[in-house]
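# Tertiary structure, described
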Amino acid sequence: MANSLRLITYLVPSHPVELYECISHFLEEELHVSATLVYESRDPIDLYDDDRPDPFCLKEVDIGFMSPTQYLKMKKSKKVELLPITPVFVHPRNTALKPGYFADIIMHTDAEKTVKSFLDLRGCNWGYTGDNSLSSSLTIQKLLRTHGENSSFFGNTIKTGNHLLTVEKVQDKNVIAAAVDSTAFYNYKNVLHKESDNITILHSVGPLPPYAIVCGKHLNGDLKSKIVNALARATIVRSWKVQFEKFGLMKFMVNSNDAYSELEFTEPLGGNGLSSIYY
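Rules behind the numbers
- Residues numbered from 1 in each chain as written.
- Predicted model: local features only at pLDDT ≥ 70, side-chain atom pairs only at ≥ 80, totals over all residues.
- Heavy atoms only, no water.
- Buried < 20%, exposed > 50% of the residue type's maximum accessible area, 1.4 Å probe, protein only.
- Helix = DSSP H or I, 4+ residues; strand = E, 2+ residues; numbered from the N terminus.
- Pairing = 2+ DSSP bridges.
- 1 Å grid on protein atoms, 1.4 Å probe; cavity = no way out; pocket = protein on both sides within 12 Å on 5 of 7 lines; lining within 4 Å.
- Points joined across faces, edges and corners; volume = space filled by probe spheres on them.
- Core = buried A, V, L, I, M, F, W, Y, C linked by side-chain atoms within 4.5 Å.
- Contact = heavy atoms within 4.5 Å.
- Axes fitted to C-alpha atoms, helices over the stretch in contact; angles between N-to-C directions.
- Parallel < 35°, antiparallel > 145°, perpendicular 65-115°, else oblique.
- Left-handed = near helix turned anticlockwise from the far one by under 90°.
- Nonpolar A, V, L, I, M, F, W, Y, C, P; charged D, E, K, R; others polar.

## Notes on the pairing of strand β11 (residues 212-216)
The buried fraction of β11 is high, at five of five residues. Of the two faces of β11, the one lined by A212, V214 and G216 and the one lined by I213 and C215 are each fully buried. Pairing of strand β3 (residues 63-66) with β11 involves four bridges; the strand directions are antiparallel. Counted as the bridge partner of I63 is C215 from β11.

Here is the structure:
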């Protein structure tokens, strides 16, 4: 077996880095390897090209954690493959604890007097993470389209760069409402212990496809199996269960490419996402 395991996450700082440190430490203990973790806060969808190959191509990392849209982009490089396992997080709408996460549409409690539904947000200042974000942009574009609307529905849009900054925009009333990754919002409240009593969830859209755990195709098949088996047992041991549940991670479950098929073959929404309208 390899003596080292190199992990990378593209979900920080929206998710706390401590979550992925916890996974790294768990795998180190379970597999008796030296595990190291790096994080890339920039979106791999725009980051890698012929002049800047991704670290899986260079065999600099072994395991990666990414969003569904990031996975579908990285999958095209043919240097990564999906591991058949994914984390399952707590959410009010996920009582059955199934894979996938949600787009939480959040707003300041001061708006509750006038905003009773999503359509009441017409003309408001809207916050979102970025145009490639499934939870804050692509899902909202799709929701607008189901109501016969487009991004001009909002009075103005503010791109923040990550979900934590989006929540802060709502809290500071720089925007009336926003959509954020539900796991990011959970950890904003429960791990970062940010004051959030003045933020309410108006609506949750989902479940969205699960977060993807990938590996480089260079990784030893035996080690891949051991990683998957270890993660499947991760919350059986009480000491680790308590550590993972701190982040809302309840267990790891089976995942497959089927979970991303609808997203992969969805027709492009076109334009510049939610950033196409400015006033």
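From this point, things continue past the structure.
## Things to note about the layout of surface pockets
Here the second largest pocket defines a volume of roughly 420 Å³. As for the second largest pocket, its lining consists of 26 residues, and the residues nearest its centre are D43, Q70, T129, S133 and H163. Taken together, the elements giving at least two residues each to the lining of the second largest pocket come down to α3 (68-75) and α4 (134-146).

## A short note on the nonpolar core
I23, L27, I63, F118, W126 and I227 are the most contacted members of the largest nonpolar core, which totals 55 residues. Counting residues per element, this core draws most heavily on helix α1 (residues 17-31), at seven residues. By size, the runner-up hydrophobic cluster in this structure holds 15 residues, among which are I8, Y10, F56 and A212.

## Points about the environment of L83
Mapping L83 onto the fold places it in the loop between β4 (80-82) and β5 (86-89). Filtering out sequence-adjacent residues up to four positions away, L83 remains in contact with I63, I213, V214, C215, K224, I227, V228 and N255.

## Section: the packing of α1 against helix α8 (residues 238-245)
For any two helices packed against each other, the geometry is given by the interaxial angle and the distance between the axes. Between α1 and α8, whose axes approach to 10 Å, the crossing angle comes to 165°. In this view, α1 runs roughly antiparallel relative to α8, as classed from their interaxial angle. Judged by the twist between their axes, the crossing of α1 over α8 is left-handed. Taking contact as the criterion, the partners of C22, I23, H25, F26 and E29 in α1 are, on α8, W240, Q243 and F244. Of the residues in the contact of α1 with α8, the class split is five nonpolar, two polar and one charged.

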